[in-house]
Amino acid sequence: MGTSRRVLPGFRVTLGYTIFYLCLIVLIPLSALLFKTFTLTWEQFVLAVSSPRVLASYRLTFGASFLAALVNAVFGLLLAWVLVRYQFPGKKIVDALVDLPFALPTAVAGISLTALLAGNGWIGSLLEPHGIQLAFNPNGVVIALIFIGLPFVVRTVQPVLEDAEKELEEAATCLGATRWQTFRYVIFPSIAPALLTGFAMAFARGVGEYGSVIFIAGNMPMVSEITPLIIIGKLEQYDYAGATAVATVMLLASFAMLLVINALQSWQRKQTGAQT
């Protein structure tokens, strides 16, 4: 038997280039982050990452990101469903507007949301007399993260819905399944991995978001101060080791969250494969 031929020519060269590029863009910067953190003693590290102000920023950053990702998972799925399954005037315009948070600078998004939701804004002036304040508090953080995270869910779920086999839905309907049963047992299992992926991407984007949040959050310590702002503040004070320590905690937490999401996706694919 002769040597087996590879599908792609130059596999070793392309693999080497891929590993080199990955190290250059991802692994080396992350290694520098960890090495700078290791200059701290364990006591200094614990003090830097567990002060009351930093812990409050963790709760806001991860809590708001998680809540925004959940909202986007629901309404992003609904928006993707409408764009795929229905025809209506202005559909192409709506489809293009979904990508607006990708193209819009985050600072512009933050300023625009603040102008709308502040007490003297179009929406805020109507709500604040009723005791509803959406700007300069944690509510504003969640709204900003919903705005920048929505496209991740829509663009992840939309192609899966477009490729879904409608024959299975028709077969379920012919067998007497209701619309809810068809969605729950036929459609949702096929789009669940994509929905989880969109959720994870929206969550990860929210954790690291800075530009669109600082304008609408109010940046009050212990109330509406996000963790990226804590890191920026430490860098401005030349506390590089403290900044990298806080960044390391965020990196590990986000990585653990992504591992959980990937494990859920793998489990979902196995369950779907077993059912089919």
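A quick note: this is a predicted structure, and the numbers were derived from the prediction, not measured. (Residues numbered from 1 in each chain as written. Predicted model: local features only at pLDDT ≥ 70, side-chain atom pairs only at ≥ 80, totals over all residues. Heavy atoms only, no water.)

Colleague: Account for the environment of Val49, naming residues and giving values.
Modeller: Mapped onto the fold, Val49 is located in helix H2 (residues 42–49). Taking the C-alpha atoms as reference points, Val49 and Val246, separated by 197 residues in sequence, lie 5.4 Å from one another. (Helix = DSSP H or I, 4+ residues; strand = E, 2+ residues; numbered from the N terminus.)

Colleague: Any details on the nonpolar core? Residues and values, ideally.
Modeller: Core analysis: the biggest nonpolar cluster contains 37 residues, and Val49, Tyr58, Val157 and Leu161 have the highest contact counts within it. Going through the elements one at a time, H2, helix H3 (52–85), helix H8 (138–163), helix H10 (179–208), helix H12 (227–236) and helix H13 (240–275) are the ones with two or more residues in this core. The greatest single-element share of this core, amounting to 10 residues, is contributed by H3. With 17 residues, the next largest nonpolar core counts Ala64, Ala68, Ile148 and Ala217 among its residues. (Core = buried A, V, L, I, M, F, W, Y, C linked by side-chain atoms within 4.5 Å. Buried < 20%, exposed > 50% of the residue type's maximum accessible area, 1.4 Å probe, protein only.)

Colleague: Mind laying out the environment of Val71, listing which residues take part and the relevant values?
Modeller: Looking at where Val71 falls in the secondary structure, it is placed in helix H3. Residue classification places Val71 among the partly exposed positions, given a relative accessible area of 25%. Between the C-alpha atom of Val71 and that of Phe199, which follows or precedes it by 128 residues, the distance is 9.3 Å. Leaving out residues up to four positions away in the same chain, Val71 has contacts with Gly76 and Ile146. (Contact = heavy atoms within 4.5 Å.)

Colleague: With reference to specific residues and values, describe unusual backbone geometry.
Modeller: Glycine aside, the phi torsion of most residues is negative, and most peptide linkages are trans. Residue Phe136 is not a glycine yet carries a positive backbone phi of 65°. Within the secondary structure, Phe136 sits in the loop between helix H7 (124–127) and H8. Using a relative accessible area of 35% as the deciding quantity, one classes Phe136 as partly exposed. Look at Met222: it is not a glycine, yet its phi comes out positive at around 70°. Within the fold, Met222 resides in the loop between helix H11 (211–217) and H12.

Colleague: Tell me about a nonpolar patch on the surface, residues and numbers included.
Modeller: On the surface, a cluster of nonpolar side chains totalling about 950 Å² of accessible area is made up of Tyr17, Phe20, Tyr21, Leu22, Leu24, Ile25, Val26, Leu27, Ile28 and Leu30. Residue classification places Val26 among the partly exposed positions, given a relative accessible area of 34%. (Patch = residues over 30% accessible without salt bridge, like charges linked within 9 Å, V, L, I, M, F, W, Y side chains within 5 Å. Areas by Shrake-Rupley, 256 points an atom, 1.4 Å probe, with all protein chains shown as cover. Salt bridge = Lys/Arg side-chain N within 4 Å of Asp/Glu carboxyl O.)

Colleague: For the pattern of salt bridges, give the residues involved together with the corresponding values.
Modeller: Enumeration over the complete set of coordinates arrives at five salt bridges. Here the salt bridges share partners, and the residues they tie into one network are Asp95, Asp99 and Arg155.

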